[in-house]
Amino acid sequence: MAPQDVRLAVAVEVAGTGDFNGDGKADILWRHTGDGSTVIWQMDGLTKADSAGIGKPPLDWVVEQLRDTDGDGNADIFWRNTTTGGTLVWRMSGFTRTVVGSPGAAGPPWEVQ
């Protein structure tokens, strides 16, 4: 199968990569820098196997990390509010947010490591 020719809007950037569906392959989290729309591409090597929009958080919420926070084998999304220092974790299973929770706020000079 030939690689797909995919064209993206200039205002779209990779927010991170992680295995969102537990298949052992890295998937891509895209974020539109103009409106905050967030999309996951589930990948099979160089091929986009599936994709779906997962939300449209306000632009002052940024993706800090993708990590498996609950040990289920799926990447979860750690968000941080650049204005307030607020934090959110979206626990993910494929394209589905299974839990949304906030571990608290950590304003400057604190940063995620």
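The structure contained in this document is the topic of the report that follows. The shown structure was predicted, so the numbers you read here are calculated from the model rather than taken from an experiment. (Residues numbered from 1 in each chain as written. Predicted model: local features only at pLDDT ≥ 70, side-chain atom pairs only at ≥ 80, totals over all residues. Heavy atoms only, no water.)

## Examining the overall build of the chain
- Helix and strand counts for the chain come out as zero helices and eight strands.
- Reading the chain from its N end, one meets helices and strands in the order β-β-β-β-β-β-β-β.
- The C-alpha atoms of the chain give a radius of gyration of 14 Å, which matches the 13 Å a tight globule of 113 residues would have.
- Counting only C-alpha atoms, the chain reaches 50 × 35 × 20 Å along its principal axes.
- For the chain, with 113 residues in total, the buried portion stands at 32%. (Helix = DSSP H or I, 4+ residues; strand = E, 2+ residues; numbered from the N terminus. Rg over C-alpha atoms; globule rule 2.2 N^0.38 Å. Buried < 20%, exposed > 50% of the residue type's maximum accessible area, 1.4 Å probe, protein only.)

## Notes on the nonpolar core
- Residues Phe20, Leu29, Ile40, Ile54, Trp61, Val63, Leu66, Ala75, Ile77, Trp79, Trp90 and Met92 constitute the largest nonpolar core, which totals 12 residues.
- For this core, the secondary structure elements donating two or more residues are strand S5 (61–67), strand S6 (76–81) and strand S7 (87–93).
- Among the elements that take part in this core, S5 stands out by supplying three residues, more than any other.
- Leave out the neighbours within four places in its chain, and Ile77 touches Phe20, Leu29, Ile54, Val63, Gln65, Leu66, Leu88, Val89, Trp90 and Met92. (Core = buried A, V, L, I, M, F, W, Y, C linked by side-chain atoms within 4.5 Å. Contact = heavy atoms within 4.5 Å.)

## What about the pattern of salt bridges?
- The tally for this structure, following the rule as stated, stands at two salt bridges.
- Among the salt bridges present, the one from Lys25 reaches Asp44, with a minimum N-O distance of 2.6 Å. Of the two residues, Lys25 sits in the loop between strand S1 (12–18) and strand S2 (27–32) while Asp44 sits in strand S3 (residues 38–44), which places them 19 residues apart along the sequence.
- We classify Lys25 as partly exposed; its relative accessible area is 35%.
- Judged by its relative accessible area of 43%, Asp44 falls in the partly exposed class.
- For Asp70, the salt bridge is made with Arg91, and the minimal N-O distance between the two is 4.0 Å. One end of the pair, Asp70, is in the loop between S5 and S6; the other, Arg91, is in strand S7, with 21 residues separating them in the sequence.
- Residue Asp70 is classed as partly exposed on the basis of its relative accessible area of 35%. (Salt bridge = Lys/Arg side-chain N within 4 Å of Asp/Glu carboxyl O.)

## Digging into the side chain of Gln65
- Among the secondary structure elements, Gln65 is positioned in strand S5.
- Side-chain polar atoms of Gln65 contact the side chain of Arg67, separated by 3.0 Å. (Polar contact = N/O pair within 3.5 Å; in protein donor to acceptor, adjacent residues only side chain to side chain.)

## Things to note about the pairing of S3
- Among the seven residues that make up S3, five are buried, leaving the element largely enclosed by the rest of the structure.
- Note that S2 and S3 share four bridges and pair antiparallel. Paired with Trp30 across the bridge in S3 is Val39.
- Connecting the antiparallel pair S2 and S3 is a turn made up of five residues, with Gly36 showing a positive phi of about 85°.
- Sheet topology places S3 next to strand S4 (residues 47–55); seven bridges connect them, and they run antiparallel. Note on S4: the bridge partner recorded for Thr38 is Gly55.
- Counted along the chain from S3 to the antiparallel partner S4, the turn is two residues long, and its residue Gly45 has a positive phi close to 70°. (Pairing = 2+ DSSP bridges.)

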